[in-house]
Amino acid sequence: MQPNKLDWPFLRKDTLIPGLSLLITAIVFAASAWYHGNQARAYEIFAANREAISEDYDELVYRRRLLDRYHWRYRELQELGFVGQERRLDWIETIRAAATSLELPHVAYSLEPQLQVIRPVASASPNADIQIYLTRLDLELGLVHELDLLRFFERLEKEAPGLMQVDQCSLIRQGDVAIKPTVDANIAANCSVKMLSIITSDISFAAAGPGQ
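Calculation notes
Residues numbered from 1 in each chain as written. Predicted model: local features only at pLDDT ≥ 70, side-chain atom pairs only at ≥ 80, totals over all residues. Heavy atoms only, no water. Phe/Tyr/Trp six-rings, centres within 6.5 Å; stacked < 30°, edge-to-face > 60°. Buried < 20%, exposed > 50% of the residue type's maximum accessible area, 1.4 Å probe, protein only. Patch = residues over 30% accessible without salt bridge, like charges linked within 9 Å, V, L, I, M, F, W, Y side chains within 5 Å. Areas by Shrake-Rupley, 256 points an atom, 1.4 Å probe, with all protein chains shown as cover. Salt bridge = Lys/Arg side-chain N within 4 Å of Asp/Glu carboxyl O. Helix = DSSP H or I, 4+ residues; strand = E, 2+ residues; numbered from the N terminus. Core = buried A, V, L, I, M, F, W, Y, C linked by side-chain atoms within 4.5 Å. Contact = heavy atoms within 4.5 Å. 1 Å grid on protein atoms, 1.4 Å probe; cavity = no way out; pocket = protein on both sides within 12 Å on 5 of 7 lines; lining within 4 Å. Points joined across faces, edges and corners; volume = space filled by probe spheres on them. Nonpolar A, V, L, I, M, F, W, Y, C, P; charged D, E, K, R; others polar.

1. A look at the packing of aromatic side chains
Point 1. Throughout the structure, instances matching the rule amount to 1 aromatic pair.
Point 2. Centre to centre, the rings of Phe152 and Phe153 are 5.7 Å apart; their planes meet at 70 degrees, and the pair counts as edge-to-face. Pair check on accessibility: Phe152 and Phe153 agree, each one buried.

2. Structural notes on a nonpolar patch on the surface
Point 1. Together, Leu20, Leu23, Ile24, Ile27 and Val28 line one region of the surface with nonpolar side chains, adding up to about 480 Å² of accessible area.
Point 2. Looking at where Val28 falls in the secondary structure, it is placed in helix α1 (residues 8–80).
Point 3. Taking the relative accessible area as the measure of exposure, Val28 reaches 47% and is therefore partly exposed.

3. As for the nonpolar core
Point 1. One finds Leu139, Leu141, Phe152 and Phe153 to be the most contacted residues of the largest nonpolar core, which totals 20 residues.
Point 2. Residue assignment for this core shows that the elements contributing at least two residues are α2 (88–102), β3 (131–143), α3 (146–159) and β5 (187–199).
Point 3. Element by element, the count of residues in this core is highest for β5, at 5 residues.
Point 4. If we ignore the near neighbours within four places in the chain, the residues touching Phe153 are Leu139, Met164, Val166, Cys169, Cys191 and Val193.
Point 5. Among the nonpolar cores identified, the runner-up in size contains 5 residues, and Phe82, Val83, Leu134 and Ile198 belong to it.

4. Structural notes on empty space enclosed by the protein
The gaps of empty space that remain are located by a probe, the size of a water molecule, rolled over the atoms.
Point 1. Applying the stated criterion across every chain, the model contains 1 cavity of 30 Å³ or more.
Point 2. Volume-wise, the largest cavity comes out at about 30 Å³.
Point 3. Trp91, Ile95, Leu137, Leu156, Ala160, Met164 and Met195 are the residues that line the largest cavity.
Point 4. In the lining of the largest cavity, the residues fall into 7 nonpolar, no polar and no charged.

Spelled out as structure tokens, the structure:
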């Protein structure tokens, strides 16, 4: 008998099961590592997508809050006549009604053509589509008292459509009313008023024309 000769049949009998177990363990470990790697990469993609969706959702919520906050204000400005076509006929009717209500001795007016306002600084928003228009209104008023002028402009501000800005006024006293046979104007007022309106992208300016 040779002392260094291995007994392979006996050795295989005792090492076959442990060897197979070790091989299966290595295969399972490799498969687990591969699966874990795939799941880790999938999780990273999912986390990135979730973060992007979360940012988009936060942006959507922010925009919705802005819409809810300012939508009512936009509708209010539309009802006031500031947003939309200028309404010259309504201005004239308001002037006449205010003069009649306040019993002003004399009222004359003239409307200049509507002009587009050139903004000195362009809007920072690339999607902004707002055009600002201005019409100058010149008024000649005969007043019995200085307060009549304030009451007159108060009526215009409340009832005339659009945004009104008094540019300048000059008052000239007409003399002592006590020596006059009838009640007439004590003060002549000459005023220049700016009437402002804006056209937004949802309003067709070309279709309706520049005012009534």
